[in-house]
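# Survey of secondary and tertiary structure
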Amino acid sequence: MGETSISKDRILSAGQIDDLIANGQSIIVIDQKVLRLDAWLPYHPGGHKPIQHFIGKDATDEFVVMHSAETRQMIDRYQIGRIEGRWNNLVPPIQKGQSYDGEGRGSRNVVDASGNPTSLETLHLSNERNTPEELAFLNAQTKDEISLTLDRYPSLQIKVQSDIVEKYRALYDQIHAEGLYECNYTAYIWEFARCALLFSIMLFLLHIKWYCTSAIFLGWFWSQMVFAAHDAAHMAITHDFFIDNLIGMIIAAPIGGLSLGWWKRTHNVHHLVTNMPEHDPDNQHLPFLAVNHRFLGSLWSTYHERLMPYTSFARKFVPYQAYLYYIILMFGRFNLYVQSWLFLAQGQGPRKGLAWWHRYFEIAGNVVFWIWFGYGIIYRSLPDPTTRILFILISHAVTMPLHVQFTLSHFAMSTADLGPTESFPQRMLRTTMDVDCPEWLDWIHGGLQFQAIHHLFPRVPRHNLRRVQKLVLGFCADVGIPYALYGFVKGNEKVVGSLAEVARQARILEECRRVVVGRVGAGVERPHGH
């Protein structure tokens, strides 16, 4: 017992921790404790990717806001030592990849005294499918994006970011003290009553053979139920891992035909590396959408562990993405089916620990879904193939505003990687937009209009987010971080405008490619080494 205590409290130097990481160990720092999490990776309910993105970093804030008090008490079993003073973050191995200079360096000295990057290790552009001229254009765009972002947000100097963290933690304590982590269960009674009403109307309209109108109400029902599933996945209802996950899986699988486990696997990563094109799966939509110019350079996805090529199909599709955006989102639910089935079929979720049984529960739940929806409604209740196809298309297309809501908060926001010195609260506010709406419309948005607030405090119950917003506004004014708040129409304009800008860049690249092809075809040699 004495040796274990001494081992856990020994002071580890930065060099010792670097050596452990270089030897392939999963080392992170939480509250001055050095943790080795290799043994925990197969058991982590949220998958191994979130942990990999914090190897070599101080993950205190991210860990605290994403986990329950019970989970936070478990970390001591993985402690191998402590640090003294402030930890200077490394670039996690998973994020190094192929950098702008081709070396993938993980230097500690990411910013100089003025808060400017001293290396461009964040520019993960693949040169496998792009000409030197195209790469030069994309690199110039990325440099401009980083420069403009640095001008708008507080300095990346350690003192400035440390002050932001200190005030963010004080805000977290204030939110707890004011009881804003306590769930309003009465609000959920109304939520489920509204959903029950929508489902009942759908069944009544189906009975009287108003098939298309019935499909609309079914789509609305699914959309409203998703909000509660989202809350449960973040343990924001009861704050109990088992109960909230059970609620979420019941909504997702037998009611919605989806997988909560798949959603958590992607969404946890999204919350931690928000809007980083190479790492955030919620931004990776090629070949249909390129939400940032870096996707025009065939990026490597650390989430999917494969190249996201800017294919010939994408070259034809992306230049028109601003016009096709809403049409694409009308088919968003079909993509959720595919991703859920792949997740469950391949057993991508945890197979050990508290969540080992989730996969089997969700597979059974999906069978139930296709019995009541596929057989009971589509096959038995609808008269002919044409009506069946129409019912499916309408009920799924009606969920399009929900997918707009998912994308609205991020697609027009910063995607620059400012390096490991940027604080968690600044990164969340820089990459996330909130939507302004009157309080009586909150039920339509389902809390997703407060995405910036939600990203700062993911486990705060949805019905308390409006109250938290007032506190966050004061925090932003105090630390000098812009708070992005737009009306629904203006927010959509910004997203479409951002997609149109990437489309314009895609057209420039295509013209560049045609010129290069023309030169080569005419016998003009390209410089040696390319």
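Residues numbered from 1 in each chain as written. Predicted model: local features only at pLDDT ≥ 70, side-chain atom pairs only at ≥ 80, totals over all residues. Heavy atoms only, no water.

Attention now moves to the pattern of salt bridges. As a working rule, side chains carrying opposite charge can pair if their charged atoms are close by. For the coordinates displayed, the defined rule picks out 16 salt bridges. Glu145 is the partner of Arg294 in a salt bridge, and the nearest nitrogen-oxygen pair spans 3.4 Å. With Arg294 in the loop between β5 (289–290) and β6 (299–301) and Glu145 in helix α7 (residues 132–152), this pair connects stretches of sequence that are 149 residues apart. In this structure Arg294 comes out as buried when scored by relative accessible area, which is 1%. When its relative accessible area of 16% is taken as the criterion, Glu145 is described as buried. Close ionic contact of Glu422 with Arg430 constitutes a salt bridge, the shortest N to O distance being 2.7 Å. Through salt bridges with shared partners, a single ionic network connects Glu191, Arg194, Asp231 and Arg462. (Salt bridge = Lys/Arg side-chain N within 4 Å of Asp/Glu carboxyl O. Helix = DSSP H or I, 4+ residues; strand = E, 2+ residues; numbered from the N terminus. Buried < 20%, exposed > 50% of the residue type's maximum accessible area, 1.4 Å probe, protein only.)

A separate point is the nonpolar core. By size, the foremost hydrophobic cluster in this structure holds 41 residues, and its most contacted members are Ile175, Leu429, Phe457, Val468, Val472 and Phe475. Mapped by element, the contributors of at least two residues to this core are β1 (27–30), α4 (60–66), α8 (158–177), α19 (424–431), α21 (451–456) and α22 (465–479). With seven residues, the single largest contributor to this core is α22. Setting aside anything within four residues of it in sequence, one finds Phe475 in contact with Ile164, Lys167, Tyr168, Leu171, Pro425 and Leu429. Counting 32 residues, the second largest nonpolar core, distinct from the first, contains Met225, Ile251, Phe369 and Phe373. (Core = buried A, V, L, I, M, F, W, Y, C linked by side-chain atoms within 4.5 Å. Contact = heavy atoms within 4.5 Å.)

Applying the stated criterion across every chain yields a total of three cavities of 30 Å³ or more. Roughly 70 Å³ of internal volume is contained in the second largest cavity. Among the elements of the structure, α10 (211–233) and α21 are those that each provide at least two residues to the lining of the second largest cavity. Tallied by class, residues from the lining of the second largest cavity come to six nonpolar, five polar and two charged. (1 Å grid on protein atoms, 1.4 Å probe; cavity = no way out; pocket = protein on both sides within 12 Å on 5 of 7 lines; lining within 4 Å. Points joined across faces, edges and corners; volume = space filled by probe spheres on them. Nonpolar A, V, L, I, M, F, W, Y, C, P; charged D, E, K, R; others polar.)

Quick look at the sheet that holds strand β2 (residues 33–36) now. If you walk across this open sheet you meet the three strands as β1-β2-β3, and the pairing is antiparallel. Since the sheet does not close on itself, it has two edges, and those belong to β1 and β3 (79–82), each with one partner. Between one strand axis and the next, the sheet turns by 30° as a mean value, whatever way the strands run. Sheet topology places β1 next to β2; four bridges connect them, and they run antiparallel. Bridging from a neighbouring strand, Ile30 pairs with Lys33 of β2. (Pairing = 2+ DSSP bridges. Axes fitted to C-alpha atoms, helices over the stretch in contact; angles between N-to-C directions.)

Take the confidence of the model for the chain next. Residues at a pLDDT of 70 or more form 89% of the chain, whose mean pLDDT is 87. Residue range residues 98–128 is modelled with pLDDT below 50. Its contacts to residues more than four positions away, or to other chains, number 79 contacts. (pLDDT = per-residue confidence, 0-100.)

Turning our attention to α8. In this model, α8 (20 residues) spans 29 Å end to end at C-alpha, consistent with the 28 Å of a helix rising 1.5 Å per residue. Restricting attention to buried positions, one finds in α8 the residues Gln161, Ile164, Val165, Tyr168, Leu171, Tyr172 and Ile175. End-on, the buried residues of α8 take up no more than an arc of 120°, which puts them together on one face. Exposed residues pointing more than 90 degrees away from the buried face of α8 are listed as Lys159, Glu166 and Ala177. Where α8 is buried, its residues contact α4, α5 (69–72), α19, α21 and α22. At the exit of α8 stands Gly179, carrying a positive phi of roughly 75°. (Expected span 1.5 Å × (residues − 1). Arc of directions from axis to C-beta.)

So, about the pairing of β2. Two successive antiparallel strands, β1 and β2, enclose a turn made up of two residues, where Asp31 displays a positive phi of approximately 50°. Relative to β3, β2 runs antiparallel, the two sharing three bridges. Across the sheet, the residue bridging to Leu35 is Gln79, located in β3.

What follows deals with the side chain of Asp61. In this structure, Asp61 sits in helix α4. Its relative accessible area of 10% is what places Asp61 among the buried residues. Residues within four places of Asp61 in sequence aside, it is in contact with Val165, Tyr168, Arg169 and Phe424.

On to the environment of Lys167, then. Mapped onto the elements of the fold, Lys167 is located in helix α8. Here the alpha-carbon distance between Lys167 and Val479, two residues 312 residues apart in the chain, equals 8.1 Å. With residues up to four places along the chain from it excluded, the contact list for Lys167 reads Phe475, Asp478 and Val479.

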